[in-house]
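The lines below spell out each chain.
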Amino acid sequence: MAAAVLDSLAVSCPRRGPAVASTPRAAVVDSLPSPLPRRGLRPILPRFSGLRCSSIPPRMKAARSSVVSRRAVVCEAQETAVQLPEVGKATWQSLVLDSDVPVLVDFWAPWCGPCRMIEPTVVKLSKAYEGKLKCYKLNTDENPDLATQYGIRSIPTMIIFKDGEKKETVIGAVPEATLASSIEKYI
(Lines give C-alpha, C1' and ligand atoms only; values in the text may rest on other atoms or scores of the structure.)
Protein backbone atom coordinates (compact mmCIF):
# COMPACT_ATOMS: atom_id res chain seq x y z
CA MET A 1 0.00 0.00 0.00
CA ALA A 2 2.82 2.41 0.80
CA ALA A 3 4.34 1.86 -2.62
CA ALA A 4 1.00 2.62 -4.25
CA VAL A 5 0.69 5.88 -2.35
CA LEU A 6 4.20 6.87 -3.37
CA ASP A 7 3.38 6.10 -6.99
CA SER A 8 0.38 8.45 -6.82
CA LEU A 9 2.40 11.39 -5.61
CA ALA A 10 2.26 14.11 -8.23
CA VAL A 11 4.30 17.24 -7.81
CA SER A 12 3.62 20.36 -9.78
CA CYS A 13 6.62 21.81 -11.54
CA PRO A 14 6.45 25.55 -12.16
CA ARG A 15 7.82 25.31 -15.72
CA ARG A 16 6.54 21.99 -16.99
CA GLY A 17 3.21 21.49 -15.22
CA PRO A 18 2.29 18.46 -13.11
CA ALA A 19 4.29 15.26 -13.36
CA VAL A 20 1.79 12.42 -13.73
CA ALA A 21 2.58 8.71 -13.73
CA SER A 22 1.79 7.07 -17.07
CA THR A 23 1.74 3.46 -15.85
CA PRO A 24 -1.41 1.34 -15.54
CA ARG A 25 -0.98 1.50 -11.76
CA ALA A 26 -1.88 5.19 -11.93
CA ALA A 27 -5.48 4.33 -12.78
CA VAL A 28 -5.73 1.98 -9.78
CA VAL A 29 -4.06 4.47 -7.52
CA ASP A 30 -6.40 7.27 -8.63
CA SER A 31 -9.31 5.28 -7.26
CA LEU A 32 -7.74 5.11 -3.79
CA PRO A 33 -8.49 7.85 -1.27
CA SER A 34 -5.54 10.21 -1.04
CA PRO A 35 -4.70 13.19 1.17
CA LEU A 36 -3.35 14.97 -1.93
CA PRO A 37 -5.69 17.18 -3.94
CA ARG A 38 -6.55 15.65 -7.33
CA ARG A 39 -6.72 18.47 -9.85
CA GLY A 40 -4.87 21.47 -8.44
CA LEU A 41 -1.92 19.28 -7.56
CA ARG A 42 -0.79 21.81 -4.99
CA PRO A 43 1.67 20.05 -2.73
CA ILE A 44 0.82 19.70 0.96
CA LEU A 45 4.44 20.18 1.95
CA PRO A 46 5.87 23.70 1.76
CA ARG A 47 7.86 24.46 -1.35
CA PHE A 48 11.62 24.57 -0.77
CA SER A 49 13.16 27.61 -2.36
CA GLY A 50 16.72 27.27 -1.07
CA LEU A 51 18.63 28.94 1.69
CA ARG A 52 17.70 32.44 2.65
CA CYS A 53 20.64 34.70 3.11
CA SER A 54 20.36 37.77 5.23
CA SER A 55 22.36 40.91 4.82
CA ILE A 56 25.73 41.21 6.47
CA PRO A 57 25.32 42.58 10.01
CA PRO A 58 26.03 46.33 10.30
CA ARG A 59 29.17 45.85 12.40
CA MET A 60 30.60 43.60 9.68
CA LYS A 61 29.90 46.03 6.81
CA ALA A 62 32.79 48.33 7.69
CA ALA A 63 35.30 45.48 7.82
CA ARG A 64 33.91 43.74 4.73
CA SER A 65 36.26 43.27 1.82
CA SER A 66 35.17 43.80 -1.77
CA VAL A 67 35.28 40.04 -2.37
CA VAL A 68 32.22 39.39 -0.17
CA SER A 69 28.95 39.81 -2.03
CA ARG A 70 26.09 41.93 -0.71
CA ARG A 71 24.07 38.96 0.44
CA ALA A 72 26.20 36.35 2.15
CA VAL A 73 25.90 33.86 4.94
CA VAL A 74 28.15 35.08 7.71
CA CYS A 75 29.18 32.68 10.45
CA GLU A 76 30.81 34.28 13.43
CA ALA A 77 32.69 32.50 16.20
CA GLN A 78 31.44 33.04 19.69
CA GLU A 79 33.03 36.11 21.16
CA THR A 80 32.85 34.50 24.58
CA ALA A 81 35.03 31.53 23.59
CA VAL A 82 37.96 31.34 25.97
CA GLN A 83 41.17 29.55 25.17
CA LEU A 84 44.01 28.64 27.44
CA PRO A 85 47.09 30.82 27.08
CA GLU A 86 50.02 29.15 25.34
CA VAL A 87 53.36 28.56 26.99
CA GLY A 88 56.57 27.71 25.17
CA LYS A 89 60.28 27.32 25.71
CA ALA A 90 60.82 31.08 25.89
CA THR A 91 58.16 31.65 28.57
CA TRP A 92 58.42 28.33 30.45
CA GLN A 93 60.66 29.56 33.27
CA SER A 94 58.74 32.74 34.03
CA LEU A 95 55.17 31.41 33.64
CA VAL A 96 55.47 27.90 35.04
CA LEU A 97 58.55 27.37 37.19
CA ASP A 98 58.65 30.82 38.84
CA SER A 99 54.90 31.02 39.50
CA ASP A 100 53.76 31.80 43.05
CA VAL A 101 50.58 29.69 42.61
CA PRO A 102 50.23 26.11 41.34
CA VAL A 103 50.25 25.73 37.54
CA LEU A 104 48.43 23.18 35.40
CA VAL A 105 50.04 22.65 31.99
CA ASP A 106 48.07 20.84 29.30
CA PHE A 107 50.47 19.11 26.87
CA TRP A 108 48.56 18.84 23.59
CA ALA A 109 48.74 18.91 19.78
CA PRO A 110 46.31 20.40 17.25
CA TRP A 111 45.75 17.06 15.48
CA CYS A 112 44.84 15.26 18.74
CA GLY A 113 41.07 14.69 19.12
CA PRO A 114 41.12 13.88 22.86
CA CYS A 115 43.23 17.01 23.44
CA ARG A 116 40.47 19.13 21.91
CA MET A 117 37.87 17.25 23.95
CA ILE A 118 39.57 17.98 27.29
CA GLU A 119 40.34 21.66 26.60
CA PRO A 120 36.84 22.97 27.54
CA THR A 121 37.13 21.09 30.84
CA VAL A 122 40.52 22.65 31.57
CA VAL A 123 39.14 26.09 30.66
CA LYS A 124 36.19 25.55 33.01
CA LEU A 125 38.52 24.52 35.85
CA SER A 126 40.75 27.51 35.07
CA LYS A 127 37.77 29.81 35.65
CA ALA A 128 36.69 27.92 38.76
CA TYR A 129 40.15 28.17 40.37
CA GLU A 130 40.96 31.67 39.12
CA GLY A 131 43.51 33.30 41.44
CA LYS A 132 44.42 29.95 43.02
CA LEU A 133 45.68 28.14 39.89
CA LYS A 134 47.14 29.16 36.54
CA CYS A 135 46.45 27.03 33.48
CA TYR A 136 48.47 26.95 30.28
CA LYS A 137 48.72 24.73 27.24
CA LEU A 138 51.92 23.60 25.55
CA ASN A 139 51.94 22.40 21.94
CA THR A 140 54.14 19.29 21.92
CA ASP A 141 54.74 19.58 18.16
CA GLU A 142 56.25 23.06 18.59
CA ASN A 143 58.08 22.25 21.86
CA PRO A 144 59.31 18.66 21.63
CA ASP A 145 62.26 19.35 23.96
CA LEU A 146 59.98 20.31 26.87
CA ALA A 147 57.73 17.32 26.19
CA THR A 148 60.77 15.01 26.28
CA GLN A 149 62.16 16.68 29.41
CA TYR A 150 58.94 15.94 31.32
CA GLY A 151 58.49 12.42 29.91
CA ILE A 152 55.41 13.07 27.80
CA ARG A 153 54.71 9.85 25.88
CA SER A 154 50.98 10.30 25.35
CA ILE A 155 48.75 13.31 24.89
CA PRO A 156 46.71 14.85 26.34
CA THR A 157 48.79 14.95 29.50
CA MET A 158 48.21 17.48 32.25
CA ILE A 159 51.00 18.17 34.73
CA ILE A 160 50.54 20.16 37.92
CA PHE A 161 53.55 22.20 39.02
CA LYS A 162 53.96 23.79 42.43
CA ASP A 163 57.00 25.81 43.56
CA GLY A 164 58.71 24.98 40.26
CA GLU A 165 58.44 21.21 40.79
CA LYS A 166 56.38 18.62 38.94
CA LYS A 167 53.82 17.34 41.47
CA GLU A 168 51.27 15.22 39.61
CA THR A 169 50.58 13.94 36.12
CA VAL A 170 47.14 13.15 34.67
CA ILE A 171 47.16 11.30 31.35
CA GLY A 172 44.26 11.20 28.91
CA ALA A 173 40.91 12.90 28.49
CA VAL A 174 39.70 12.28 32.03
CA PRO A 175 36.43 13.45 33.60
CA GLU A 176 36.28 16.88 35.20
CA ALA A 177 35.98 15.38 38.70
CA THR A 178 39.23 13.44 38.29
CA LEU A 179 41.13 16.52 37.22
CA ALA A 180 39.53 18.65 39.96
CA SER A 181 40.51 16.17 42.67
CA SER A 182 44.12 16.26 41.45
CA ILE A 183 44.10 20.07 41.55
CA GLU A 184 42.55 20.20 45.03
CA LYS A 185 45.58 18.43 46.51
CA TYR A 186 47.86 21.37 45.68
CA ILE A 187 45.70 24.41 46.37
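Shown above is the structure to which this text applies.
Source: prediction; values computed, not measured. (Residues numbered from 1 in each chain as written. Predicted model: local features only at pLDDT ≥ 70, side-chain atom pairs only at ≥ 80, totals over all residues. Heavy atoms only, no water.)

1. With respect to unusual backbone geometry
Excluding glycine, a negative phi dihedral is what most residues carry, and trans is how most peptide bonds are arranged.
Inference 1: Geometrically, the link from I155 to P156 is a cis peptide bond, its omega value of 0° lying close to zero.
Inference 2: Counting through the fold element by element, P156 comes out in the loop between α6 (144-149) and β5 (157-162). (Helix = DSSP H or I, 4+ residues; strand = E, 2+ residues; numbered from the N terminus.)

2. What about helix α7 (residues 176-184)?
Every α-helical turn comprises 3.6 residues, leaving residues that sit three or four positions apart pointing alike.
Inference 1: For α7, every residue scored as buried is listed here: L179, A180, S182 and I183. One side of α7 holds all its buried residues, which, seen down the axis, span an arc of 160°.
Inference 2: As for α7, its buried residues are in contact with β3 (103-108), α5 (113-128), β5 and β6 (165-171). (Buried < 20%, exposed > 50% of the residue type's maximum accessible area, 1.4 Å probe, protein only. Arc of directions from axis to C-beta. Contact = heavy atoms within 4.5 Å.)

3. Some thoughts on α5
Inference 1: Taking 1.5 Å of rise per residue, the 16 residues of α5 would be expected to cover 22 Å, and the 24 Å separating its terminal C-alpha atoms lies within 8% of that figure.
Inference 2: The largest bend along α5 reaches roughly 30° and is located at E119, with the proline P120 sitting one to four residues downstream.
Inference 3: Considered for burial, the residues of α5 that qualify are C115, I118, E119, T121, V122, V123, L125 and S126.
Inference 4: Buried residues belonging to α5 abut β3, β4 (134-139), β5 and α7. (Expected span 1.5 Å × (residues − 1). Bend = angle between axes of the 7 residues up to and from the residue.)

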